[in-house]
Each structure stands twice: as structure tokens, then as C-alpha cells.
Amino acid sequence: MSRHAIRVRAALAGLALLIGAGALVALVAGCSGSAGADSPRSANAPSPPCAPARLNVSASLAASQVTVSPGPGTRDASATTQISMLGAPASALSHLHVQGARSGSHDGRLQAYSQGDGASFVPSKQFAEGELVSVRGELSSAGRTTALAWSFTVAVRDRAGAAGGSGRPLPHPAYYQSFRSRTDLQPPTVTVTAHTAGTAPGDLFIAPYSGPGQYGPMILDESGSMIWFKPLSPAGTRAADFRVQQYEGNPVLTWWQDPLTANGVSKAGEVILDSSYRQVAIVRAGNGYQPDLHEFQITPQDTGLITIYNGIDCDLSHAGGARKAAVADTLLQEIDLKTGLVRFEWHSLDHVALSDSYVSDARSSEKTPFDYFHINSIDVGAAGDLLVDARNTWAAYDVDRRSGQVRWQLGGKHSSYKLGHGTRTAFQHDARRRADGTITFFDNGATPAVHPQSRVIAVKLDEQRRTATLVREDDHPGKPLVAGSQGNAQTLADGALMVGWGEVPYLSEFSAGGQLLFDAHLPAPYESYRAYRLPWSGHPTDSPALAALAPSSTYPVATAYASWNGATDVSSWRVLTGPSASSLTAGATTPKAGFETTLSLPGARAGSYVQAQALDASGTVIGASPAKKL
């Protein structure tokens, strides 16, 4: 696999995890890291308009042969934007002329996408904030030449916001685990409270944060025992959306991380590791942004779909807000993972009205941007269309991949489908299409409280009658859970559901018939944005770890502790002892018991040497620790 890093220039640090209550706290400001030309307006002037003159305009030009980003008429382009043209090979694009109303003519490079279906014009200088940019060019196809022409406006970046946060909870011995063989690992404790027969195959994937101790991606087995944990540094670094995906034909681990330091950049980014836990790629957003935690999905074409939050100044007076205010422009990008180029960019402001929000803009200002949309998931349909979920409009949107236009919406103030009993969601997350055509949601129902508890629903759409019918509903039995933020519902191969409860640190598996098969939780201070059950085979390149204690009054028999972080094929451990590291005799074999296995060493004395061998199910040695002296 290629090893590469995709550059980003962005500065939204922290907003990604503030996915709770309806109003956006002041972390969205300054999300575009490019310097940009200062806004031409005076300090007392109202903010510029941020919504286009017409909503839901098609981005498909030249007789639908090319999809362009930024889209025609948009008012929220980045000052460091590429000009993306998707749908025709780079060789078919020519005579490009890019003119800024204030910044003048722009030279640049036309760079092809590795998929061969388009190119980005990368300007050699940035645009001026607030200016109109005009683009002209030609597309040659089948012996014909078609003119390309459109214009867009560059947004004024919001600079007034200030990041804030709360302190971390104090440590508590019951909150996290410790191991003698790996004293550097202190993952949170996981308590399994329900486990019955019939759970789906696969391991459990979470990424704890918010509590004391270490944060990071974490793989668990069926009993809740840790298989792999990667503590992130510096302390407080967060990960989210940790899962297995396919990249370049191979299974890989992916997660979002903030901050992520690589190649001189220390901003949020996406991590890709191979099955030996080696870094394959670091993925950054384009156009001066940085990705947020809500989604990183690798497509079969080896492109990446990511979500972004960007604070821009916006006059909200026409919507009942302040003239001098800001809005959280939430958007998605499709990134060519091999080149880092932006293939496609979609902004909620271009397609969904500010007035569609269920969150009030009454208190919005330049310091507290109006989080009217709040994108939180992207799902790809069989025909390539995108299902985009928005927490604060209570709706999911079907987006045409070629035009960028919303074809229909489910839920919200202007639902394209008549909502049947139980199908209305509130502040929901994770809209996903199932193989049978139904759509699942993690329906938070809060905050503020709209439903008595959070739930997962599956909705069937009748496209001819334009009706939506509830076909499944699952909530947490026994203990009602209300997750004010985050959460997901993964459909498993047998029709079961794996549910991560987000802000409430639970993960549950329900059978196809709705029976609770598995239930576990982290200590109360922790959260995990999502939870998954997925197949994984890990083969770390390092050696197993070993700690050994000589006989003493406390431990009359010598004892060893063996572990191998991330190794999924270990079935048992064999201990070897001897007078020197080069003269060891095999002893007893002990079945693996959790992350760390305790090995008794009868007859071993102080000064003896000890080694542990990891064995697979056939008894073959697959790894050995360094020998240690008691």
C-alpha cells in the first residue's frame, strides 16, 4: 500500500466533539486556517448574507457532463478553495480562466484525480474574502466543445469565536484498567451486563474519551476484554468513529483524531492503519478546512467522504437573528485519497433553508455561530446518491451525486414523505440504508427532551405513495437511556443491530427480532461517539510483552504476566524458564485469559530467566517475548 499524507490548512479544534445540545458553542469560529484577505466591511457593518439567492441549484454543468465545486451561486466558498470539476477526464478540460472581483486573475495548476474522472484547478494564490469569483473554461468531448461558466462568492471567515472547555474528571481506580506487562496502557473499564447466545461474529470497536486516564481507539472481545488499545498523546487527544474499512482492497482500521500531528501539521485528521497496526495514510480535508468526527467513509473507488464544520459570518436578520452574526456552515467533501484533491464539495447552506432548523438563532452572534443544520452522517446508496443526516433540522436528505441537489428529505419541517406513527425523529444521528431498502436512525430525542428515551428506528419508504412507515423500534430495556448527543445503529449481516448510545456510555446488540443479546458500558464519565461489531484479524509487528515476579513472601511461586496488544490469533501461552536467556526449557501451556494472562512458574527462582510464547489454535508459535530475568 502507498504511504502518504494529505495536507490540510485548517484550524477548527474542538468543535467536532461538541455535538450535544441544540446551540453551537463558540468553537466553530476560525475554522478555516487560511489567512485570507481581510473582510472589506467595517467593524460595525452587518455580516454578509451566507445563503444563496436560490436554494438547491444544480452543480452539474455542460449538459450534465461536469459537476463543479464550489457550486454556482454559492456564498460560502473558502478563500483557499480548489475549483473541482468531476465527470470528465482532465485532458478534456482546457482554456480555464479564473477571475476574482478583488484578487484579479488567478494562475494555477490543473491536477487530475487518480480515478481518471476529473480534475481540480489549484490556484497559485488565494481568493479575497467576500469577493465574487468567475470561472470560464471549455470541455471537449466526442469532437464537440462545450463552454463552462459559473461564479461563486467567497465567505467571510468567522474570527470572533473563542474555544472553551471543561476540566477532565478526577481519576478513580474503578474507571480504568492496568496491566503488569503493559504499564503504559490504562484503558477504561468495560463492564458486560448481558451476554446471551446468538450474538453476531466479530469484535467490538469503540473510541472512549471524556473520562479520566487515556483516550484512544479500542477493540474488545465478546467478554468485554481488551484486544487492542492505542493511547493517544498528548493527553486529551480524542478519537472517534473507529472501525474496519476496505482500502486498496485490504481491511484497514480508520478513525478521526484531534489533534493529529504528521508531516508538520497538527490539526484534526483521519488515520488509516493496516492489519499490522502500521500507518498507511493520514487523510486531511481540502480547501483550508479540517475534518470533524462525524464521518469518514472510504468508498470502493478509494475516495473518502468526510464531514466539516466551518464558521462564517452571516447576516441572520431575515431569519429573526442578529445582523452581525455567524453560522456553522456544515459540509461534506469527497477526497481523492491518493492525491488529496477535493473531488466534490457539498454545503448545507446551498440546499437547505436556515428557517428549517429546530434550533433558535435568537442568541447567535459572531462568537456563538448558529448551528442550524449539524451534519452527522453520510451514507452511499446503490446508485451512488448520498443520504445526509442533519441533527438540527430533524431530517435526512437524499443528495444526487451528480448535481448536488436534494432530491427528497425524510423528516423535518418539509418532509417529502408523510410520516407515519413513530417515524418522526428529533436531534437524530446516523441515517443508514439497509439492504432491504429501509432506513435506520439513532433517534436521540434530546436535547432538549422530545422523546422519553433515545431509540433506534427502521423506516420503510413507499416511493409511489410518498409515505414513511415504522417497521422496527428498539430502546434500552430495563434502564431507559437518553443520549443528548452522538450514537449510531449498525445493521449486522443477520439483521441484528449493534447500537452505540453515544453520550451515554453503553453499547448493545439486539437480535433481528428485537431481543437484547449483548449489553456493556463504560464508566459514567466516558463517551464513545459510535460503537461497531466488525470482523478483524490483527498481526502486530512488535513482540509480546512479559512481566515476571520472583518468589517472595507475598508471591511464594514465581509468576509471569503475558500480553500482546492487538494480536487476534493467540489461543494460549507457553512459558519457558532456564538459567540463561539462551538455555530455556518449555513448561506449562495456559489458555489465554483476557488481554493479560497470568502464568505460574513453579520451581523458578530468583535469577532464572523467563520467556512467554504465544500459540495459535493449532499450537504453532506465532510470537515470543524477550527473555527476562527474575
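Cut-off values and rules
- Sequence order as written defines residue numbering, which begins from 1 separately in each chain.
- With the structure being a predicted model, the display of local features is reserved for residues of pLDDT at least 70 and the display and counting of side-chain atom pairs for 80 or more, all residues being used for whole-chain, interface and lining totals.
- Excluded from the side-chain calculations are hydrogens and water; all other atoms, namely the structure's heavy atoms, are used.
- Here, a strand pair is defined by DSSP locating no fewer than two bridges between the strands.
- Going along the chain from the N terminus, every DSSP run of H or I of four or more residues is numbered as a helix, and every run of E of two or more is numbered as a strand.
- Aromatic rings from Phe, Tyr and Trp, with only the six-membered ring used for Trp, were paired whenever their centres fell within 6.5 Å, and each pair was classed as stacked if the ring planes differed by under 30 degrees, edge-to-face if by over 60, and tilted otherwise.
- Only protein chains enter the accessibility calculation, which uses a 1.4 Å probe; a residue whose area is less than 20% of its type maximum is buried, one above 50% is exposed, and one in between is partly exposed.
- The working definition used for a salt bridge is a side-chain nitrogen of Lys or Arg within 4 Å of a carboxyl oxygen of Asp or Glu.
- What is meant by a nonpolar core is a set of buried Ala, Val, Leu, Ile, Met, Phe, Trp, Tyr and Cys residues, joined one to another through side-chain atoms within 4.5 Å.

J.: Even after reading the chapter, I still don't get the sheet that holds strand 4 (residues 83–86), so can you show me in this structure?
T.: By definition, the strands of a sheet pair up through backbone hydrogen bonds, in either a parallel or an antiparallel sense. If you walk across this open sheet you meet the 5 strands as 2-3-4-8-7, and the pairing is antiparallel. Only two strands of the sheet have a single neighbouring strand rather than two, namely strand 2 (60–61) and strand 7 (108–112). Sheet analysis places strand 7 next to strand 8 (residues 118–123), joined by 5 bridges and oriented antiparallel. Paired with L110 across the strands is F121, a residue of strand 8.

J.: Would you take a moment to explain the packing of aromatic side chains for this structure?
T.: Where two aromatic rings form a pair, the distance of their centres and the angle of their planes describe that pair. Tallied over the full model, the rule gives 16 aromatic pairs. Centroid distance F127 to F152: 6.2 Å. Interplanar angle 90 degrees. Geometry classified as edge-to-face. Pair noted here: F127 is in the loop between strand 8 and strand 9 (132–141) and F152 is in strand 10 (residues 144–153), with a separation of 25 residues, a long-range link. Residue F127 shares its accessibility class with F152, and that shared class is buried.

J.: Looking at this structure, I do not really get the pattern of salt bridges. What am I missing?
T.: Per the counting criterion, the structure on display carries 29 salt bridges. Across the pair E222 and R533 runs a salt bridge, and its minimum N-O distance is 2.7 Å. Of this pair, E222 sits in the loop between strand 13 (218–220) and strand 14 (226–229) while R533 sits in strand 36 (residues 532–534); the two residues are 311 residues apart in sequence, bridging distant segments of the chain. Per residue, the accessibility class of E222 equals that of R533, and both read buried. R455 is the salt-bridge partner of D443, the closest N and O atoms lying 2.8 Å from each other. Residue D443 is found in strand 29 (residues 439–443), and its partner R455 is found in strand 30 (residues 455–462); the two are separated by 12 residues along the sequence.

J.: Before we go on, may I ask you to explain the nonpolar core in this structure?
T.: Taken as a class, soluble globular proteins show a tendency for nonpolar side chains to be buried jointly. Judged by nonpolar contacts, the single largest core of 35 residues is most densely connected at V327 and F373. Mapped by element, the contributors of at least two residues to this core are strand 20 (303–314), strand 21 (325–336), strand 22 (342–347), strand 23 (375–380), strand 24 (386–390) and strand 25 (395–399). In terms of residue count, strand 20 provides more of this core than any other element does, 4 residues in total. Membership of the second largest hydrophobic core comes to 23 residues, among which are L61, A88, V135 and F152.

Shape is all these values report; function is a separate question.
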